[in-house]
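Notes for the structure review
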Amino acid sequence: MDKKELVMLSWENLWRMKFRTILTIIGVVIGTAAIIIMISIGNGAKQSITGELTNSPSVTTISVYTSGQMESMMGISTTGEKKKKITDSTISDISNMEHVSAVTPVISGGGAVLTHKREDYNVSTMGIDYKEIENMHYKLESGRLPRSSEENAVLIGPSVFTKFDLGESGFGTMVEGDINPKDLVGKNITLVVQRAVESNGQPTIPTVANTPPTLSENKTPEALEESESTETPPEAEGHVITPTESDGLTPTENDANVITPTMDDEAQVPEVSSQPSLTTQPPVKKDSSEQSNPAKSETKMESYPVKVRVVGVLSPTGDQEDHAVTMSQSKAEEMTNWQMRKEPTGAKKEYDNLKVIVDDTENVETVTNQIKEMGFQVFSLKAMLNSLNSVFQILQLILGGIGGVALLVASIGIVNTMTMSIYERTREIGIMKVIGASVNDIKQMFIVESTIIGCIGGLVGIIFSYITSGLINVIGGMAMGGQASVAKISLITPGLALFALVFSTVIGMLAGFRPAAKAANLSALDAIRSE
Amino acid sequence: MIETINLRKSFKLGKTEIPVLKGIDLKVKEGEMIALLGPSGCGKSTFLNILGGLLPVTSGEVYIGGEPLHKMNENQLCLFRRKKLGFVFQSYNLIPTMTALENVALTLTFSGVKREEREQRAETALTLVGLGDRIHHKPQEMSGGQQQRVSIARALINDPDLILADEPTGNLDTKTSTDIMNIIEDLSATSSKTFVIVTHDPEAAEYCSRTIHMRDGIIENIS
């Protein structure tokens, strides 16, 4: 019997018992759809989490740490083995490597306060080598990149003003700041770093001699503006000590123990904002400092303002820059040195952290391995993506497995239908054998029948899945707010659909084997005698 | 056409063997129309099923058209039936969900004949037995006589050398029985096909050229 006739005959056989065939097919449809939808949800989750990262420029970035640093960050105590230090020679070694397009030390600041429109924003700062900035694959939302000579130019991340709000419900949400970072482009801002005054209460000798500290203490808005022009003159050796406790005389909305004026957008002090250096601050107004001095408190904080000019806003990188103010290496060193009370060492510099930019995603791994061989700890978004992907693969396997159970049940349904069909059609099988159907004809006929059930079930299942997936995305999108356009909850790839079809067809075929063998082995004579 | 030598068949019932055929020697020439007559349980149906390759022999030899049935395996027997044999049963054995045409054409499906040719040949065969106007009816829409004619048409469709009929008139009234026997007699007369008809109706046996009387698993006499 030729293949086409066989399929035709099997098709007709199924059609003759359409009710049961349709019920069985529905079982397969549900099974197939369960697998597809389960895996598609895994796909969607993977897509929404890794997709954004994959396209971000940070994917070509490798972070280099001194060995042991990562462990101590994670609270793992390191053994006393000698740590390899990151020095300028390390930087030149790495920049000489193949595929490396830029290397810069990263000077991470301990955080600074940026005040804008009477609101304080805690921002982190990071300093990078501006000579390399052209090669660092930064994309800008607005503005421009700073030139290597512009020590006071900074870039701000797109999420600098985004706050993490715990809210009343206890669920944390990211709240967009009221300020659009783009508004700051081209403007001067003041970043303020703080440190505790040394316990003896005596003003400490500023480590950076020519940078006077500012005073700041619970000022009214008026006082804030005023204080812009009240910075301690350069000749003032000591820092102004600012008590943390309010003296109660000037209650304001600013209850933070230290605030400094940071924005010059009022253009009240144009001569200040245009100053590239801090050394030429206007003289202080005595009344302002006297106002804050009498306060009595235990912990005393001192502040150190740095005036900088925003030249651009970065596009999201998926890295620390997003929430930071990126500044020149020298400016960042100046700030940390003051904060850590470190003397600027003219000697061999050591760095905690390097950023290495690789020319192409493909080469990240090669460069990573090379740097690892040098004895440093390396972290790259690419490596994290790789491990994320394997996590999602496992997730998909688990989800697919859950769907697989549904298809397994459906395949038992097929076996059941085919077996019942044999009992019902015993006589018919006998007749076919008597009039000349061979053992193989009967066997193939049953296998083809169950394969057709699997195949049609798979096809309908795919259609059903696409519809369901669409509904999930629409309904889920509405529930999640406007983010649906960005991230799909359920994502069916053509490969997944094809896999499901092949899988259900094979399941159908396998389910037919045993019943088919059983049918083929029926004795023709017994079969035609049965009722 | 048919030759059996010391053909024996016994069935196992539990641990005891019950002999049904106790040594049958028979020769049937091509074109003959033979009636197997005898009381119930004499083994005539068993004998017919052995001739049709539906039952294996216990011992002895069976040749049909020179081919040794007793040596064939299941698949060879299937092929043999497909090419050389036609069956007519007392209970018609039509597939209830198929029309007359489909029932008749089914045999040719297994032989790999194309659909148009199958249907054309099935229609010719049905017309030959006088059912040209009922080809699209299903078995339950037809009378017993009509169903038996469909099954005769099915037995003829593959142009077999031997047609085996197991009580073809057993379920039919006298008049219809006569019709069926007339059709078979005509077919026998107009072709060189060999017919073996099992019956316990002496009237039906009268249509045949020879009648073989069986009793208790042996041939009692041939008339």
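Not measured: the values here are computed from a predicted model.

Before going further, it helps to examine the overall build of chain B. From N to C terminus, chain B includes seven helices and 10 strands. In chain B, once contacts between residues fewer than 6 apart in sequence are set aside, the share between residues at least 24 apart is 69%.

A word on the overall build of chain A. Within chain A, the secondary structure is distributed over 14 helices and 17 strands. Within chain A, the proportion of its 531 residues that are buried is 41%. Taking the contacts inside chain A whose residues are at least 6 apart along the sequence as the reference set, 84% of them involve residues at least 24 apart.

Glancing now at the interface of chain A and chain B. Tallying the contact residues gives 18 residues for chain A and 20 residues for chain B. Broken down by secondary-structure element, the contributors of at least two residues to the side of chain A that touches chain B are helix 1 (3-16), helix 11 (426-434), helix 12 (439-479) and helix 14 (524-529) of chain A. Here the side of chain A that touches chain B takes four residues from helix 11 of chain A, the largest share from any one element. Split by residue class, the side of chain A that touches chain B holds 10 nonpolar, two polar and six charged.

A pair of packed helices is captured by two measures, namely the crossing angle of their axes and the spacing between those axes. Residues and elements named next belong to chain A. Across the interface, helix 10 (residues 381-424) lies against helix 12 with an axial gap of 11 Å and an inter-helix angle of 145°. Crossing hand, helix 10 versus helix 12: right-handed. Between helix 10, through Ala410, Ile414 and Met418, and helix 12, the contact on the second element is made entirely by Phe446, Glu449, Ser450, Ile453, Gly454 and Gly457. The class makeup of the residues in the contact of helix 10 with helix 12 is five nonpolar, three polar and one charged.

Attention now moves to the confidence of the model for chain A. Of all residues in chain A, 70% have pLDDT values of 70 or greater, and the mean over the chain is 74. Predicted confidence in chain A is weakest over helix 6 (residues 270-273) of chain A, with a mean pLDDT of 40, and strongest over helix 13 (residues 494-520) of chain A, with 92.

Next up on the list: the sheet that holds strand 1 (residues 2-13) of chain B. Residues and elements named next belong to chain B. In space, the four strands of this open sheet follow the order 2-1-4-5, with antiparallel pairing throughout. Looking at strand neighbours, the two that pair on one side only are strand 2 (16-28) and strand 5 (67-68), the edges of this open sheet. Strand direction decides the pairing type here: strand 1 and strand 2, joined by 10 bridges, are antiparallel. Note that in strand 2 the partner of Ile2 across the bridge is Val28.

Residues and elements named next belong to chain B. Here strand 1 pairs with strand 4 (residues 59-64) via five bridges, running antiparallel. The residue of strand 4 that forms the bridge with Ile2 is Ile64. Two strands pair when backbone bridges link them, and strand 4 and strand 5 are joined in this way by two bridges, in the antiparallel orientation. Within strand 5, the position partnered with Tyr63 by the bridge is Pro68.

Attention now moves to the sheet that holds strand 16 (residues 353-358) of chain A. Two orientations exist for strands paired in a sheet by backbone hydrogen bonds: parallel and antiparallel. All names here are of chain A. Read across the open sheet, the four strands follow the order 3-16-1-17; overall the sheet is antiparallel. Each edge of the open sheet is held by one strand with a lone partner, namely strand 3 (100-105) and strand 17 (376-380). Direction aside, neighbouring strands of the sheet carry axes that sit 25° apart on average. Where strand 3 and strand 16 come together, five bridges link them in antiparallel fashion. Bridge pairing in strand 16 links Val103 to Val356. Along the sheet, helix 4 (residues 88-95) contacts strand 3 and strand 16; its crossing angle with strand 3, the most-contacted strand, is approximately 165°.

With that settled, consider the environment of Ile398 of chain A. All names here are of chain A. Among the secondary structure elements, Ile398 is positioned in helix 10. With 11 C-beta atoms packed within 10 Å, Ile398 lands in the exposed category. The sequence separation of Ile398 and Gly42 amounts to 356 residues, and the corresponding C-alpha distance is 9.3 Å.

Each regular strand displays side chains that alternate between the two surfaces of the sheet. All names here are of chain A. With five of five residues buried, strand 5 (residues 112-116) is to be regarded as a mostly interior element. Here strand 5 shows two buried faces, one formed by Ala112, Leu114 and His116 and the other by Val113 and Thr115. Pairing between strand 5 and strand 6 (residues 119-128): five bridges, direction antiparallel. Each bridged residue has a counterpart across the sheet, and for His116 the counterpart in strand 6 is Glu119.

Criteria and cut-off values
Residue indices begin from 1 for each chain and proceed along its sequence in written order. Labels follow written order: the first chain is A, the first ligand is 1, and so on. With the structure being a predicted model, the display of local features is reserved for residues of pLDDT at least 70 and the display and counting of side-chain atom pairs for 80 or more, all residues being used for whole-chain, interface and lining totals. Helix and strand definitions follow DSSP, with helices as H or I runs of at least four residues and strands as E runs of at least two, each counted in order from the N terminus. Once C-beta atoms have been placed from the backbone, residue pairs whose C-beta atoms lie within 7 Å are recorded as contacts. Counts of 20 or more other C-beta atoms within 10 Å of a residue's own C-beta define buried residues, counts of 12 or fewer define exposed ones, and intermediate counts define partly exposed ones; C-beta atoms are placed from the backbone. Think of it as three bins: nonpolar holds Ala, Val, Leu, Ile, Met, Phe, Trp, Tyr, Cys and Pro, charged holds Asp, Glu, Lys and Arg, and polar takes everything else, Gly as well. Axis angles are defined between N-to-C directions and span 0 to 180 degrees, where every axis is a line fitted to C-alpha atoms and, for a helix, only to the segment in contact. Here a crossing is called left-handed whenever its near helix is offset anticlockwise from the far helix by less than a right angle, and right-handed whenever the offset is clockwise. Per residue, pLDDT measures the predictor's confidence, with a range of 0 to 100. Strand pairing is assigned whenever DSSP identifies at least 2 bridges connecting the two strands.

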